[in-house]
Amino acid sequence: MKVIKRNGKTEDYNCKKIKKAIAFACEGLDVNPLKLEAKFDEFLHDGVKTDTIQKNLIIHAKNLATPSDDQWVFVAGRLATMTLWNETKAYEKGFKKFLKEMIDKGVYKHPALLSYSQEDIDEIASYINKNYDLAHSISSVTTFCDKYLVKGEVIQFVTMVDTMIYASVEDRSKRLGYIKDWYEVFAKREISKATPHWTGLRFAGNTGSCFVLEVGDSIESIMNNAYHTAQISKDGGGVGTFWGRVRAKGDMIGGEYGLSGGVLPMMKIYNDTIVAFNQRGKRKGAITIALPFWHKDIEDFLEAKSEVGDLRTKLFDTQPQVVIPDLFMKMKKEDKLQTWYTFSPHEVEVKLGFNLNDYNGEEFETKYMECVEAYKQGVIKVVGELKVIELWKHFLSQAIEKGVPYAVFGDTLQAMNPNKHEGKISSLNLCVESSSNFSADKYAHTCSLMSVVVGRMESKEHIVKTARTATRILANTLSLTKSPVDISDKHIDRYRTIGVGIQGLVDYLAKNEYLYSDLVNIKELAELIQWGCVLESMEMAKEFEPYPAFYGSRWETGEQFDSYIKESVSDLTDWEWLKGEVMKCGVFCSQHTSPAPNTSTSIAMDAQAGVMPPYAEFFYEDNKNGKLPVTSMYLSSNPLVYMQSIGMYDQIELTKMVGSLQAFVDTSVSAEYVIDKNYRKISAKYVSDIYDNAWEEGTKAVYYLRTIKEGEQVVEKSNECSACAG
């Protein structure tokens, strides 16, 4: 029997070659190679191509994977890796030649790659270990091939190219040392880069994940920010927009009441913009639009995704976000039958001389009551009246039916804002884990993300070291890429916001024999990451300078540390000492930690996503070539932790877990909650209690509220947040 090789030549069939490939793919894994050997004669025939044999081996290897015999996903991954190696011949070519070709062809465009000498590149090439590729599962290898690699690339070469760019801003006497260390961290997948880093950095593209724009109350601001939205989406970023300053329906235009059409027709422009300008053609654009609970158009906004009403004002491609003040939550707790008043910010500013968006906490409550009194006296008239419980029921009905709007607790968001001396954080980004000061037509919140893959941390000291590494790399990235819009660059220059996240909290729990109820251990993990980030940021401020808005910030006054000192549970941290150092030397970045959902990159990292419990311990990922088995990092050694899916938990208890993390996260935590009808009946009261407890636990937001139907095992999850899923 003859086989046809990749070069078109024929040779006699030799089963020893197949047995050798299988043995190589199975080496060191807890699998029986004979199971795969027993399959390969099923697809043999005279004239079969060797690449067909390889493809069939991959198919049979992944089909052998089960929850109780999951190591076959790595056998299939190694076989797929061998295919990639054979197709690209990159490792045979060598890194130096590969890099030169990619630069000469114009594929790699980042100028930092030209800053290295030929001697540097020879040294750098010696750091690369192609065998790290063999640790990837079939779903990981496929994700890299489909989403992150371009023609001719292999994983380790791309990892090194990006590392060279990250280190290019370091002192020339030190950067090779950084490259060697950072390459190992990335190659071992101890840090997970957000998707824009994989798809943008080496091509001199944008690496920012999170952008939040404030839309001002003018046609110029509305249309300029629509343009900004298009630019950000085109470059692969997820967009957040805040609309609290735009006048409500029925307000004045040119001093004449009743002419304003409100926010919905303008929001529709943004909804359609995000559809037209998708993310480099690879995925649809993604946007969240936020409106305060006190805005006169809030009731129409809550219906923006419903199929009832004027379709010209529907936002079917938008994820709505409501910003709820403490005043509303307190009134709901005290007496749900109280009247809640809603206002148009423009009329309030014209008639009363202030804008409600500029206040929070007790100051907001005072100004809100001034508005109520002005309405009762007839000074303002574009005002809505409804019972607190009516608005809350309206919100809950949409959350239960649609899974949105996201709920953002505005006063909590602003309370820990380190830069409140310069402004306000009014809403959150697309995945609700990131935000900082932003201002209409002046600053667009911008953040670049990476996550610590906590399941691969070997000790508490390792966590701190990895958090420090992620901080320095992200800080370097701020000067290595250009944002899609100028107000984003201005924000970066002013605030230097980064976001170090947590990937695979359940993996960390499984590795260390913890549970989601072990709140002290979970809080310590967040504390160690925040400690490492702030420590490195302080050292960078010493080395360079503090971020420009540092002076007058809560970092400089020391207030930012008060809650850390109070909440500390780790014997490795000394917040009093660090407080003194930061007050004296500053921090390089204004905000450091943002646990994102990272659903996209977690597959590539062979880790569970984010901080919430998993949907399943073993599942199949849809792919253009079929379904790919995905397992959990420690499924064979600790299956019980993984087998309790997110819907099996009391979601109210999970709010306590998120609150434990939030104590040491200086932005927000992306936390979604799931009602699994296989385990509990859904009720408005239970859903209401989830939001109430999330607020009381000090969390800043609730992401999606998802529902798993009775008889189903998983929920349909959209792909809106690929850009932010670091």
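See the structure above.
Residues numbered from 1 in each chain as written. Predicted model: local features only at pLDDT ≥ 70, side-chain atom pairs only at ≥ 80, totals over all residues. Heavy atoms only, no water.

S.K.: Teacher, can you tell me more about the packing of aromatic side chains here?
M.R.: For any two aromatic rings, the description comes down to two numbers: the centre-to-centre distance and the angle of the planes. Tallying each qualifying case throughout the model produces 45 aromatic pairs. Centre to centre, the rings of Trp-340 and Tyr-368 are 4.8 Å apart; their planes meet at 20°, and the pair counts as stacked. Residue Trp-340 is found in strand 9 (residues 339-343), and its partner Tyr-368 is found in helix 17 (residues 361-376); the two are separated by 28 residues along the sequence. The same class applies to Trp-340 and to Tyr-368, which are both buried. Ring geometry for Trp-555 against Phe-561: centres 5.4 Å apart, planes inclined by 70°, an arrangement best described as edge-to-face. For the pair shown, Trp-555 and Phe-561 are each scored as buried. A connected cluster of aromatic rings, assembled from ring pairs, spans Phe-293, Phe-328, Trp-340, Phe-343, Phe-364, Tyr-368, Trp-392, Phe-395 and Tyr-691. The positively charged end of Arg-496 is found above the aromatic ring belonging to Phe-588, 4.1 Å away from the centroid. When the ring centre of Tyr-704 is taken as origin, the NZ or CZ atom of Arg-706, which lies over that ring, is 4.0 Å away. (Phe/Tyr/Trp six-rings, centres within 6.5 Å; stacked < 30°, edge-to-face > 60°. Helix = DSSP H or I, 4+ residues; strand = E, 2+ residues; numbered from the N terminus. Buried < 20%, exposed > 50% of the residue type's maximum accessible area, 1.4 Å probe, protein only. Lys NZ or Arg CZ within 6 Å of the ring centre and 35° of its normal.)

S.K.: Even after reading the chapter, I still don't get empty space enclosed by the protein, so can you show me in this structure?
M.R.: Empty space among the atoms becomes apparent when a probe as large as a water molecule is rolled across them. Enumeration over the complete set of coordinates arrives at seven cavities of 30 Å³ or more. There is about 160 Å³ of room inside the largest cavity. Residue lining of the largest cavity: 16 residues in total, with Trp-294, Val-323, Tyr-359, Gly-410 and Lys-424 positioned closest to the centre. Those elements giving two or more residues to the lining of the largest cavity turn out to be strand 8 (319-324) and helix 19 (410-415). Of the residues belonging to the lining of the largest cavity, the class tally is 10 nonpolar, four polar and two charged. (1 Å grid on protein atoms, 1.4 Å probe; cavity = no way out; pocket = protein on both sides within 12 Å on 5 of 7 lines; lining within 4 Å. Points joined across faces, edges and corners; volume = space filled by probe spheres on them. Nonpolar A, V, L, I, M, F, W, Y, C, P; charged D, E, K, R; others polar.)

S.K.: What am I meant to see in helix 9 (residues 155-167) here?
M.R.: Because an α-helix completes one turn every 3.6 residues, residues spaced three or four positions apart along the sequence face the same direction. Compared with an ideal rise of 1.5 Å per residue, which puts 13 residues at 18 Å, helix 9 spans 18 Å between its outermost C-alpha atoms and is within 8% of the ideal. Extensive coverage of helix 9 is indicated by the burial of 13 of its 13 residues. (Expected span 1.5 Å × (residues − 1).)

S.K.: Quick question: what am I supposed to make of the pairing of strand 15 (residues 626-630) here?
M.R.: The pairing of strand 14 (residues 619-623) with strand 15 spans five bridges and is antiparallel. Looking at strand 15, one finds that Phe-619 is bridged to Val-630. Counting the residues in the hairpin turn of strand 14 and strand 15 gives two residues. (Pairing = 2+ DSSP bridges.)

S.K.: Sorry if this is basic, but what is going on with the pairing of strand 13 (residues 498-503) here?
M.R.: Two faces make up the sheet, and in a regular strand the side chains alternate between them. Within strand 13, six of the six residues are buried, which leaves the element mostly enclosed by the surrounding structure. Residues Ile-498, Val-500 and Ile-502 point to one face of strand 13 and Gly-499, Gly-501 and Gln-503 to the other, with burial holding for every one of them. When strand 12 (residues 445-453) meets strand 13, the two strands line up parallel, connected through six bridges. When the bridges of strand 13 are listed, Met-450 appears paired with Val-500.

S.K.: Help me understand the pattern of salt bridges in this model?
M.R.: Within the structure shown, the criterion is met by 41 salt bridges. The shortest N-O distance in the salt bridge between Lys-333 and Glu-696 comes to 3.4 Å. With Lys-333 in helix 15 (residues 326-334) and Glu-696 in helix 30 (residues 684-696), the pair connects residues that are 363 residues apart, well separated along the chain. A salt bridge links Asp-689 to Lys-685, with the shortest nitrogen-to-oxygen separation between them at 2.9 Å. Highlighted residues: Asp-689 and Lys-685, both in helix 30, separated by four residues, approximately one helical turn. You can call Lys-685 exposed: its relative accessible area is 59%. Shared partners join several salt bridges into a network, and the residues in it are Glu-170, Arg-468, Arg-472, Glu-536 and Glu-543. (Salt bridge = Lys/Arg side-chain N within 4 Å of Asp/Glu carboxyl O.)

S.K.: For this particular structure, what's the right way to read the side chain of His-394?
M.R.: Mapped onto the elements, His-394 comes out in helix 18 (residues 388-402). Leave out the neighbours within four places in its chain, and His-394 touches Glu-299, Leu-302 and Glu-303. (Contact = heavy atoms within 4.5 Å.)

S.K.: In this structure, what is going on with helix 16 (residues 345-352)? I would like to understand it.
M.R.: Restricting attention to buried positions, one finds in helix 16 the residues Pro-345, His-346, Glu-347 and Val-348. Those residues of helix 16 that are buried lie in contact with strand 9 and helix 17. One or two positions beyond helix 16, positive phi appears at Gly-353, with a value near 85°.

S.K.: Just checking my understanding: could you explain the packing of helix 7 (residues 118-125) against helix 10 (residues 175-187) for this structure?
M.R.: For any two helices packed against each other, one specifies the inter-axial angle together with the distance between the axes. For the pair helix 7 and helix 10, the least separation of the axes is 10 Å and the interaxial angle reads 25°. Relative to helix 10, the element helix 7 lies roughly parallel. The handedness of the crossing between helix 7 and helix 10 comes out as right-handed. Packed against helix 7, whose contacting residues are Asp-120, Glu-123 and Ile-124, the element helix 10 presents Arg-175, Leu-176 and Ile-179 at the interface. Grouping the amino acids of the contact of helix 7 with helix 10 by side-chain chemistry returns three nonpolar, no polar and three charged. (Axes fitted to C-alpha atoms, helices over the stretch in contact; angles between N-to-C directions. Parallel < 35°, antiparallel > 145°, perpendicular 65-115°, else oblique. Left-handed = near helix turned anticlockwise from the far one by under 90°.)

S.K.: Teacher, can you tell me more about the packing of helix 29 (residues 651-662) against helix 30 here?
M.R.: Interaxial distance between helix 29 and helix 30 falls to 9 Å at its minimum, and their mutual angle equals 15°. The pairing of helix 29 with helix 30 is recorded here as roughly parallel in orientation. The element helix 29 and its partner helix 30 pack so that their crossing is right-handed. Residue-level contacts link Gln-651, Ile-652 and Thr-655 of helix 29 to Tyr-686, Asp-689, Ile-690, Asn-693 and Ala-694 of helix 30. The residue inventory of the contact of helix 29 with helix 30, partitioned by class, reads four nonpolar, three polar and one charged.

S.K.: Help me understand the layout of surface pockets in this model?
M.R.: The space that makes up the second largest pocket amounts to roughly 830 Å³. Lining the second largest pocket are 32 residues, with Ala-80, Thr-83, Leu-84, Glu-87 and Cys-145 positioned closest to its centre. At the level of secondary structure, the elements contributing two or more residues to the lining of the second largest pocket comprise helix 3 (50-63), helix 4 (72-88), helix 5 (90-93), helix 6 (95-104) and helix 8 (138-148). In terms of residue count, the dominant contributor to the lining of the second largest pocket is helix 3 (six residues). Among the residues making up the lining of the second largest pocket, the classes are represented as 13 nonpolar, seven polar and 12 charged.

S.K.: Mind showing me how you'd approach unusual backbone geometry here?
M.R.: As a rule of thumb, non-glycine residues mostly have phi less than zero, and peptide bonds are mostly trans rather than cis. A cis geometry characterises the amide bond from Val-404 onward to Pro-405, with omega recorded as 15°. In this structure, Pro-405 sits in the loop between helix 18 and strand 11 (406-409). The phi torsion at Arg-496 lies on the positive side, around 50°, for a residue other than glycine. Here Arg-496 shows up in the loop between helix 21 (486-495) and strand 13. Residue Arg-496 is classed as buried on the basis of its relative accessible area of 11%. Backbone geometry at Asn-598 places phi at a positive 35°, although glycine is not the residue there. As for its placement among the helices and strands, Asn-598 is situated in the loop between helix 26 (575-585) and helix 27 (599-605). For Asn-598, a relative accessible area of 0% gives the class buried.

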